Amino acid sequence: MFERATASLPGGSTRTTIFSAPYPPYMARGEGIRTWDLDGNEYRDFLGNYTSLILGHAHPEVVAAVTAQVQRGSAFAAPTEIEIELAEEIRARLPSIERIRFTNSGTEATMFAIRAARAFSGRSLLAKFEGAYHGTHDTVLAWSPGVPEATSGLVIELPWADPEGVERAIAGRERELAAIIIEPVQGAGGVRAATPDFLRFLRELTDRIGALLIFDEVIAFRVGPNGAQGRLGGVRPDLTTLGKIIGGGYPSGGFGGRVEVMDQFDARRAGALVHGGTFNGNPVAAAAGLATLRHLTAARYADLERLGDRLRDGLTAALERDGLDARAGGIASIFQVFPGSSLVAPEGLTPQSALFLGLLLDGFHLAPRGMGAVSTPTTEADVDDLVAAVARRLGSMQTVAVA
Ligand code: PMP
């Protein structure tokens, strides 16, 4: 299938983040946390399409909501009630979101949030953090091939968890700064949560210099009923970007926040910001997202948290027991395994890629970089089996004992 795919798709896929050498598994089907590839191999999916499937694959309530909507029609050149219901559900969970607009992806969400901040402030400079991932549009991929230097010149990189370093990085350019964007829980950067103190510092700093504060909660929203902003000290951002779980497994995203910033998109206004999009607020994705959020009661978040803790604690205990050079991190339902530098991988592989491939052979699907998430159908036995498999795979690469 990989060979067939490469004739049509560069690298055999259509998404950089899911490629892993020598080729990614090609999936046929999923149910709960189980997936089956085209050869019939079964996996326990601890990635859930990069943390977006918080209820697992083909959850019956999501399937029912989607089926009902599909039968009523897939998209209209007109707003629908279901996107209003989804907006209301999100606003009830994230009070900083006074108004919201829906997109088709997290990339579009951060693109429009940044544009809104630039238009509102009349400034052009954006500050983002080292290790951050905000999608694939030009500004957030500054310095990448194909992004004009002029665009990259409008981006500053900030050090993580370092207030003085942040002040130094923007020194002299404070009045050019439109916004600081931060993932309150970094995903791609190696799952790590900002401290409430650091978020408070960013709030005070942006208020002082007249810049906007944007929380990118595309991944982080899943850490609790009120997202990362409800959990990490209650700092109120000016804008929040969403994606992944608000689409319930379907393509979606959103950006929202202060009414005076968001009302720039009010088409009744002269000079309103343009936010077209043939599939914006798509009713099928909205139905899936709404069914997902409604299923996510406080009790279910607590269950996810317990499973996440069991996984991190179990890994930490196994690593210590076996004297393995690795670390487990994460928050709530998100986790990450960080292999250490003393591990020795088979030739041609890194410890990280060897762990990823080894776990696939063991029937566990994580991100190639070691990130994963538990979802509501995950059981304690699934978690314990994964812990044992990770310890075994790391053990086979631990040639030198660690102290
Ligand atoms: N922001 C964050 C924090 C993300 O993790 C991602 C995707 N992993 C994005 C933005 C981009 O979202 P999408 O892939 O839906 O464009």
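Residues numbered from 1 in each chain as written. Predicted model: local features only at pLDDT ≥ 70, side-chain atom pairs only at ≥ 80, totals over all residues. Heavy atoms only, no water.

Draft legend 1. Spatial organisation of the site of the ligand. The immediate surroundings of the ligand are formed by Ser105, Gly106, Thr107, Tyr133, His134, Gly135, Glu183, Asp216, Val218, Ile219 and Lys244. Between the ligand and aspartate 216, the relevant distance is 2.7 Å, taken from a nitrogen atom to a side-chain nitrogen or oxygen of the residue. For the ligand, whose unbound accessible area comes to 390 Å², protein coverage reaches 82%. With respect to the pocket detection grid, the ligand is positioned in the largest pocket. Its residues assigned to classes, the shell around the ligand shows 3 nonpolar, 5 polar and 3 charged. (Near = heavy atom within 4 Å. Polar contact = N/O pair within 3.5 Å; in protein donor to acceptor, adjacent residues only side chain to side chain. Areas by Shrake-Rupley, 256 points an atom, 1.4 Å probe, with all protein chains shown as cover. 1 Å grid on protein atoms, 1.4 Å probe; cavity = no way out; pocket = protein on both sides within 12 Å on 5 of 7 lines; lining within 4 Å. Sits in = over half its atoms within 2 Å of the grid points. Nonpolar A, V, L, I, M, F, W, Y, C, P; charged D, E, K, R; others polar.)

Draft legend 2. Geometry of the packing of aromatic side chains. Applying the stated rule across the entire model yields 11 aromatic pairs. Each ring, one from phenylalanine 129 and one from phenylalanine 198, has its centre 5.7 Å from the other, and the planes form 75°; the classification is edge-to-face. Within this pair, whereas phenylalanine 129 is found in strand β5 (residues 125-129), its partner phenylalanine 198 is found in helix α8 (residues 196-209), the two being separated by 69 residues in sequence. Each member of the pair, phenylalanine 129 as well as phenylalanine 198, carries the same accessibility label: buried. One cation-aromatic arrangement involves arginine 29 over tryptophan 36; the distance from NZ or CZ to the ring centre is 4.1 Å. (Phe/Tyr/Trp six-rings, centres within 6.5 Å; stacked < 30°, edge-to-face > 60°. Helix = DSSP H or I, 4+ residues; strand = E, 2+ residues; numbered from the N terminus. Buried < 20%, exposed > 50% of the residue type's maximum accessible area, 1.4 Å probe, protein only. Lys NZ or Arg CZ within 6 Å of the ring centre and 35° of its normal.)

Draft legend 3. Representation of the pairing of strand β14 (residues 334-339). Across the 6 residues that make up β14, a large majority, 5, are buried. Looking at chain direction, strand β13 (residues 326-331) and β14 are connected through 6 bridges and run antiparallel. Residue glycine 330 lies in a different strand from β14, and its bridge partner there is phenylalanine 335. Taking the residues between adjacent antiparallel strands as the criterion, β13 and β14 are bridged by 2 residues, where alanine 332 takes a positive phi near 50°. Direction of pairing for β14 relative to strand β16 (residues 371-373): antiparallel, over a ladder of 3 bridges. For isoleucine 334, the partnering residue across the bridge sits in β16 and is alanine 373. (Pairing = 2+ DSSP bridges.)

Draft legend 4. Structural view of the domain arrangement of the chain. When cut into domains, the chain gives domain 1 (2-54 + 302-399) and domain 2 (60-295). For domain 1 versus domain 2, the distance between C-alpha centres works out to 27 Å. Counting from both sides, the interface comprises 19 residues of domain 1 and, opposite them, 15 residues of domain 2. Around 1,500 Å² of area is buried between domain 1 and domain 2 when both sides are counted, 64% of it from carbon and sulfur atoms. Contact with domain 2 buries area across many residues of domain 1, yet Ile54, Ile331 and Ile334 alone supply 33% of it, more than any other trio. Counting every contact that joins domain 1 to domain 2 gives 1 salt bridge. Note that glutamate 305 is salt-bridged to arginine 231, the shortest N-O span being 2.8 Å. (Domains from an automatic or database assignment. Contact = heavy atoms within 4.5 Å. Buried area = accessible area lost by both parts, 1.4 Å probe. Salt bridge = Lys/Arg side-chain N within 4 Å of Asp/Glu carboxyl O.)

Draft legend 5. Expanded view of helix α5 (residues 106-121). Taking 1.5 Å of rise per residue, the 16 residues of α5 would be expected to cover 22 Å, and the 22 Å separating its terminal C-alpha atoms lies within 8% of that figure. Taken together, the buried positions of α5 are Gly106, Glu108, Ala109, Thr110, Phe112, Ala113, Ile114, Ala116 and Ala117. The backbone nitrogen of threonine 107 has a side-chain oxygen 3.4 Å away, supplied by the residue at the start of α5, namely serine 105. (Expected span 1.5 Å × (residues − 1).)

Draft legend 6. How the structure looks around the layout of surface pockets. The calculated volume of the largest pocket comes to roughly 900 Å³. Along its surface, the largest pocket is lined by 29 residues, and Arg15, Thr17, Thr107, Tyr133 and Lys244 are the ones closest to its centre. Of all elements in the fold, only α2 (48-51) and α5 reach the threshold of two or more residues within the lining of the largest pocket. With 3 residues, the single largest contributor to the lining of the largest pocket is α5. A breakdown of the residues in the lining of the largest pocket according to their chemical character gives 9 nonpolar, 15 polar and 5 charged. (Points joined across faces, edges and corners; volume = space filled by probe spheres on them.)

Draft legend 7. Summary view of the nonpolar core. Of all hydrophobic cores here, the largest spans 54 residues; its most connected members are Phe46, Ile90, Leu311, Leu386 and Leu394. A domain split of this core shows at least three residues from each of domain 1 (2-54 + 302-399) and domain 2 (60-295). Contacts of isoleucine 90, omitting those with residues within four sequence positions, involve Ile97, Ile100, Phe102, Leu242, Ile246 and Leu293. Within the second largest apolar cluster, 37 residues are counted, among which are Ala132, Val185, Ala220 and Ile331. (Core = buried A, V, L, I, M, F, W, Y, C linked by side-chain atoms within 4.5 Å.)

Draft legend 8. Molecular detail of the sheet that holds strand β15 (residues 364-365). Taken together, the 4 strands give an open sheet; going across it, the order is β1-β2-β3-β15, and neighbouring strands pair in mixed fashion. Whereas interior strands pair on both sides, the edge strands pair on one side only; in this sheet they are β1 (27-31) and β15. The pairing of β1 with strand β2 (residues 34-37) spans 4 bridges and is classified as antiparallel. Paired with arginine 29 across the bridge in β2 is tryptophan 36.

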